[in-house]
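# Chains, contacts and geometry: an overview
The chain contents come next:
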Amino acid sequence: MTPQPENAVERDVIAIVGEANVLSPAPETYAVDDRRPLAVVFPGTSEEVAAILRLAHARELAVVPIGSGRRLSLGNLPERVDLLLSMRRMDRVVDYEPADLTVSVEAGCSLDAFNRIAAAHRQWLPFDPPDADRATLGGLVAADDFGPLRHGYGRPRDSVIGLEVVQADGTRIRTGGRVVKNVTGYDLNKLFVGSFGTLGVITRVNFKLRPLPEAEATLILFGAAWEPLASGARQILHSELLPAALLLADEGAMSPLGHERKALLVRFLETAPAVAYQVERARAFARALSLPVEELSNEASRSLWTTLTRLHRLLPSDLQLRLSVLPAHTLEAVRAGERALGERLAPRYLLAHPGTGIVLIGGRLILEDERGLSSVAQELLRLRATWEAQRGSLLIEQAPPEIKRHIDVWGNVGSSLPLMQALKRAFDPKRILSPGRFVVGL
Amino acid sequence: MCEGTLRMASWIAELREIVGSEDVLTDPEQLLVYECDGLSIHKHPPAAVVFPESAEEVVRVVKVLGRHRVPFLARGAGTGLSGGAVAVEGGVILELARMNRILEIDYENRLAVVEPGVINLMLTRAVADAGYFYAPDPSSQMACTLGGNVAENAGGPHCLKYGMTVHHVLGLEVVLPNGEMVTLGGHGADAVGYDLLGLFIGSEGTFGIATKITVRLTRQPQAVKTLLADFLSVEEASRTVSAIIAAGILPSALEMMDRATIEAVEASVYAAGLPTDAGAVLLIELDGLAASVEYEAARVVEICHANGARRVLVARDDAERARLWAGRKGAFGALGRISPDLMVQDAVIPRSALPEVLPEIYRIAARYGLRMANVFHAGDGNLHPNICFDGRDPDEVRRVKEACREIMQLCVRVGGTLTGEHGVGLDKIAYMPLVFTEDDLEAMARVRAVFDPEGLCNPGKVLPVRRCRAF
């Protein structure tokens, strides 16, 4: 990259979006790991996004697109960051068709804001990622981020039906469409969903929606050890029940809810008679395992799950891992995670989704000195190697820069790496979109 | 000419060495079977057909063809309906029917690993006793292969609730067009990096050849209820569809058959006792927990009556359910008997537009003097206007093509698209600019060039012309 006179960049972006929509220099809170961008830019339209990218492309400025910045900690250390492109001002619901159960929103539209509108039509987007209350829909899609509801409703990938994307050179394209079933041409939605802003900037998203369930309840099964809780989860998974979420939580994760024991939380979202039926069946499983239970319905249930999405705000953390394993290996992965990190995190929280094989561990690192960090990195690499050998993966969602220097946060891509590299070259040949942050530093 | 023949002879000899002489077909008579798929208006005989029996043989065949710059494509059962599995440039077909083993069934992780030639319904049958099924169920599921389903991102009546093939495939082993083998997706756990799995599914055989498929198995629902509602008009049936969706009910299937379809079905071996005096019938299926199914079925019956249903029949047992479904799934076969050729169209509209668009589609058919029957996935707005015609009559063929173009234009105009489950193949290439801009198509071409830089893998499909923009 040729060095840029900072004020020239600032002048040009102001010419595009106006002075009120540029923060330069960028405040500390917008740092990407240990790098501060030259400026934070808040475009108001996709035309402005395109103009910014044309400028960045011509001058080879590194651009990191963000939604709320909720997941900015996720990624390898950036190679360079010149502009942070915040989609926050682009927050309109462009076209909501309740009769079709579809919506088109701008990328900066928040999940909560849209779900409030959709609730009036008894519809929703069934997503509950960490910090859901801050999530923008564009950010959620760029990260293909999920929470416990993935069990019943899938990931954002499965609900996206169309996108508008501004490519690295400023050309705008549309992918997919506005209908719920579509195989017209290649499904480029899949290319951009989960690509963390490294192939293009998502400016608009079309979703298919779900009817809002009529009733809800959560049954919490408490236990002193993992074994009976995991066994309860397994029985539910192999029964006729259709929980929307199924979550194992350790003492740390349960503490903000005022509980001191491990738990299995089972969420039912269904018609009223089906919720009642399932709660009774789940209670019977608990009785057979001699596990005490607590039942929460409707508002109390919702508020419990909302609290869980905010865990890492309630419990200060600087390290967060996501293990993904075969569902049958969940308990084993929980134990491996505890062994690897149990003594190194305080406070610590662990959540596991036995239906999808996801294990999340987070907390604050206890460190005596710098050597401590490199030994944590070694521990993470060992944990990753163990699970990659069993078809799993380990994603480091958050870590101090000192750890990121020792380790690729994403892990092994496998045999498809050359294809991914070629896609990056084809869509961002000058490497201006979040360079260095994605897998193998793409 | 002479040189061409010699070159051809040399690669054919190489293929024979790999798969054995009897597994390379070159006799024009034998190749006739492979000149089209389920859509008979596109006919292109291949130069040869080979029958590999393993991924390793696929790799070797693809490498030989690449070296000789001979285009190639994979083919399953040839039941596709877009002209996707035909060799337009005199290429070679890799027929994968013999790679039909179910390699692994893992109930604990709810997955199965299969070869691409496994027939869709065979997988469901293999896991049925354990209480599972494979959800995507195209109407051709008794014949179509899972490899073909992956290539087309196949749907079916039940994808209204359960999703398409892309929602049920967890991982793939793929032979790329250059003969390299890669793994896409995970195998039950999440993969790292770009979603190449999602990108590959539905790429219509142009990104490579899947040689191993890991699919999700779904638990059979506790209860299933199938209803048949009969209406005097297509408009009433359409309004009922919209009302069911608007009520927040997600049936597992919501299918419409119009009078022309009913008449054809009732006159055929698929006769299901459908009311031949009805303007349209809806086949509605609800599944899930018994408590929900009962409750929602009662609401659906109410909605049907409120929208003018004359009768709503609730299937009493599995035999009655099976009979209703046999009528629906046999509809294409029944329509196929009426005339020498059948154009099975596929388009999608926003579901609330059904009452407005369907009458317009009938008007288009009438204007061109064509006989049309509609049988389709009404719940997700996926239309299948079928036109009975005689391919030997050039004027009728011209009218079919013009009517199809008008139908496509109409669907796009109301916010819909060209295909919901059959794919673009050869048949819809010309319409692609109706929905995508030059830049959109160019981005697609760039992805294709990443997978197939030489342009040898099922060329001539999906995209209008080869284009690739340099940045």
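Source: prediction; values computed, not measured. (Residues numbered from 1 in each chain as written. Chains lettered and ligands numbered in written order. Predicted model: local features only at pLDDT ≥ 70, side-chain atom pairs only at ≥ 80, totals over all residues.)

## Looking at the overall build of chain A
Scanning chain A from terminus to terminus reveals 15 helices and 19 strands. Compactness check: chain A gives a C-alpha radius of gyration of 22 Å against a globular reference of 22 Å for 442 residues, within 12% of the reference. Overall, the C-alpha framework of chain A stretches about 70 × 60 × 40 Å when taken along its three principal axes. Across the 442 residues of chain A, 56% fall into the buried class. (Helix = DSSP H or I, 4+ residues; strand = E, 2+ residues; numbered from the N terminus. Rg over C-alpha atoms; globule rule 2.2 N^0.38 Å. Buried ≥ 20, exposed ≤ 12 C-beta atoms within 10 Å, placed from the backbone.)

## What to know about the overall build of chain B
Scanning chain B from N- to C-terminus turns up 16 helices and 20 strands. Against the 2.2 N^0.38 benchmark of 23 Å for 471 residues, chain B shows a C-alpha radius of gyration of 23 Å, consistent with a compact globule. Each of the three principal axes of chain B carries a C-alpha extent, and together these read 70 × 55 × 50 Å. Evaluated residue by residue, chain B yields a buried proportion of 57% over its 471 residues. If you take every contact in chain B between residues at least 6 apart in sequence, the share linking residues at least 24 apart comes to 71%. (Contact = placed C-beta atoms within 7 Å.)

## Here we look at the sheet that holds strand β3 (residues 63–66) of chain A
All names here are of chain A. Strand order in the open sheet formed by four strands is β1-β2-β4-β3, and the pairing between neighbours is mixed. The outermost strands of the open sheet, each flanked by one partner alone, are β1 (22–23) and β3. Judged from the four bridges that link them, β3 and strand β4 (residues 83–86) form a sheet pairing that is parallel. From the neighbouring strand, I66 faces β4, where its bridge partner is S86. Contacting β2 (39–41), β3 and β4, helix α2 (residues 46–59) crosses the sheet at an angle of about 165° to β4. (Pairing = 2+ DSSP bridges. Axes fitted to C-alpha atoms, helices over the stretch in contact; angles between N-to-C directions.)

## Things to note about the domain arrangement of chain B
Put simply, an interface is often sized by how much accessible area is lost when its parts join up. Residues and elements named next belong to chain B. One can read the domain layout of chain B as domain 1 (2–95), domain 2 (102–219), domain 3 (221–338) and domain 4 (339–433). One C-alpha centre belongs to domain 2, the other to domain 3; they are set 28 Å apart. With six residues of domain 2 in contact, the opposing surface of domain 3 contributes eight residues. Grouping the constituent residues of the side of domain 2 that touches domain 3 by class yields three nonpolar, two polar and one charged. (Domains from an automatic or database assignment. Nonpolar A, V, L, I, M, F, W, Y, C, P; charged D, E, K, R; others polar.)

## What about the environment of G202(B)?
If you trace the backbone, G202(B) turns up in the loop between α7 (196–200) and β10 (209–216). On the basis of neighbour counts, which here come to 27 C-beta atoms within 10 Å, the residue G202(B) falls in the buried class. A sequence separation of 124 residues divides G202(B) from A326(B), and the C-alpha atoms of the two residues are 27 Å apart. Residue contacts for G202(B): discarding those within four places in its chain leaves V183(A), D187(A), E152(B), N153(B) and V166(B).

## Some words on the interface of chain B and chain A
Taken together, the contact pairs 66 residues of chain B with 62 residues of chain A. The biggest single contributor to the side of chain B that touches chain A is helix α16 (residues 438–451) of chain B, with seven residues. Split into classes, the residues belonging to the side of chain B that touches chain A amount to 28 nonpolar, 27 polar and 11 charged.

## Some details on the domain arrangement of chain A
Residues and elements named next belong to chain A. The assigned domain composition of chain A is domain 1 (6–87 + 429–441), domain 2 (93–211), domain 3 (215–309) and domain 4 (311–411). The centre of domain 3, based on its C-alpha atoms, is set 24 Å off from the matching centre of domain 4. Counting residues at the interface gives 14 residues for domain 3, matched by 15 residues for domain 4. Where the side of domain 3 that touches domain 4 is concerned, the elements lending two or more residues are α7 (226–237), β13 (245–249) and α8 (251–254). If you tally residues by element for the side of domain 3 that touches domain 4, the top one is α7, at five residues. Of the residues assigned to the side of domain 3 that touches domain 4, the class counts are 11 nonpolar, one polar and two charged.

## Comments concerning the packing of helix α12 (residues 330–341) of chain A against helix α13 (residues 370–388) of chain A
Each pair of packed helices can be described by the angle between their axes along with the distance between the axes. Residues and elements named next belong to chain A. Packing of α12 against α13 leaves a shortest axis separation of 10 Å and a crossing angle of 160°. Here α12 is positioned roughly antiparallel relative to α13, judged by the angle of their axes. Note that α12 runs across α13; the crossing there is right-handed. Where α12 approaches α13, its residues A333, A336, A340 and L341 are matched on the opposing element by E379, L383, T386 and W387. Residues that form the contact of α12 with α13 fall into these classes: six nonpolar, one polar and one charged. (Parallel < 35°, antiparallel > 145°, perpendicular 65-115°, else oblique. Left-handed = near helix turned anticlockwise from the far one by under 90°.)

## Observations regarding unusual backbone geometry
Residues and elements named next belong to chain A. Following S24, the chain continues to P25 via a peptide bond in cis, the omega torsion being 0°. For the bond running from A346 to P347, omega is -5°, close enough to zero to count as cis. Phi is positive for N298, which is not a glycine, with a value near 35°. Mapped onto the elements, N298 comes out in helix α10 (residues 298–309). Positive phi, close to 50°, is recorded for R431, a residue that is not glycine. Topologically, R431 is positioned in the segment after α15 (417–427).

## A few points about the pairing of strand β8 (residues 169–175) of chain B
Residues and elements named next belong to chain B. Across the seven residues of β8, seven count as buried, placing the element largely inside the fold. Sheet topology places β8 next to β10; six bridges connect them, and they run antiparallel. Paired with V174 across the two strands is A210, which belongs to β10. As paired strands, β8 and strand β9 (residues 181–185) are joined by five bridges and run antiparallel to one another.

## Brief notes about helix α8 (residues 234–246) of chain B
All names here are of chain B. Its 13 residues give α8 an end-to-end C-alpha distance of 18 Å, which sits within 8% of 18 Å, the value for a rise of 1.5 Å per residue. Residues of α8 that are buried in the fold lie against β12 (223–231), β13 (253–258), β14 (280–288), α10 (290–306) and α13 (354–367). Immediately downstream of α8, the backbone of G248 shows phi near 80°, a positive value. (Expected span 1.5 Å × (residues − 1).)

## A short note on the sheet that holds β9(B)
All names here are of chain B. Strand order in the open sheet formed by five strands is β5-β6-β10-β8-β9, with antiparallel pairing between adjacent strands. Edge positions in the sheet fall to β5 (102–106) and β9, since each has one partner strand and no second. Averaged over all neighbouring strand pairs, the angle between strand axes comes to 15°, with direction disregarded. On the sheet, helix α3 (residues 55–67) packs against β8, β9 and β10 and is oriented at approximately 45° with respect to β8.

## Side note on the environment of V81(A)
Residues and elements named next belong to chain A. Mapped onto the secondary structure, V81 falls in the loop between β3 and β4. Residue class for V81 comes out buried when judged on the 23 C-beta atoms lying within 10 Å of it. Between the C-alpha atom of V81 and that of L111, which follows or precedes it by 30 residues, the distance is 27 Å. Those residues in contact with V81 that sit more than four places away from it in its chain are V32, R35, P37, A62 and V64.

## Section: the packing of α7(A) against helix α9 (residues 272–288) of chain A
Residues and elements named next belong to chain A. Between α7 and α9, the shortest axis-to-axis distance is 10 Å and the interhelical angle comes to 140°. As summarised for this structure, α7 and α9 are arranged oblique, according to the angle between their axes. Considering the relative orientation of α7 and α9, their crossing is right-handed. From α7, G232, Q235 and I236 reach across to α9, where they touch A282, F285 and A286. Of the residues belonging to the contact of α7 with α9, the class tally is four nonpolar, two polar and no charged.

## Describing the environment of R392(B)
Take R392(B): it is sitting in the loop between β20 (385–389) and α14 (394–413). Owing to 9 C-beta atoms within 10 Å, R392(B) belongs among the exposed residues under this scheme.

## Things to note about the pairing of strand β17 (residues 345–353) of chain A
Each regular strand shows side chains that alternate between the opposite faces of the sheet. All names here are of chain A. Among the nine residues of β17, seven are classified as buried, and the element is accordingly described as predominantly covered. Sheet topology note: the β13/β17 ladder contains two bridges and is antiparallel. In the sheet register, L248 faces β17, and the bridge partner there is A352. Here β17 runs beside strand β18 (residues 358–365); their pairing, made up of seven bridges, is antiparallel. By the bridge assignment for β18, A352 is matched with V359. Where β17 hands over to β18, the hairpin turn is made up of four residues, of which G357 adopts a positive phi near 75°.

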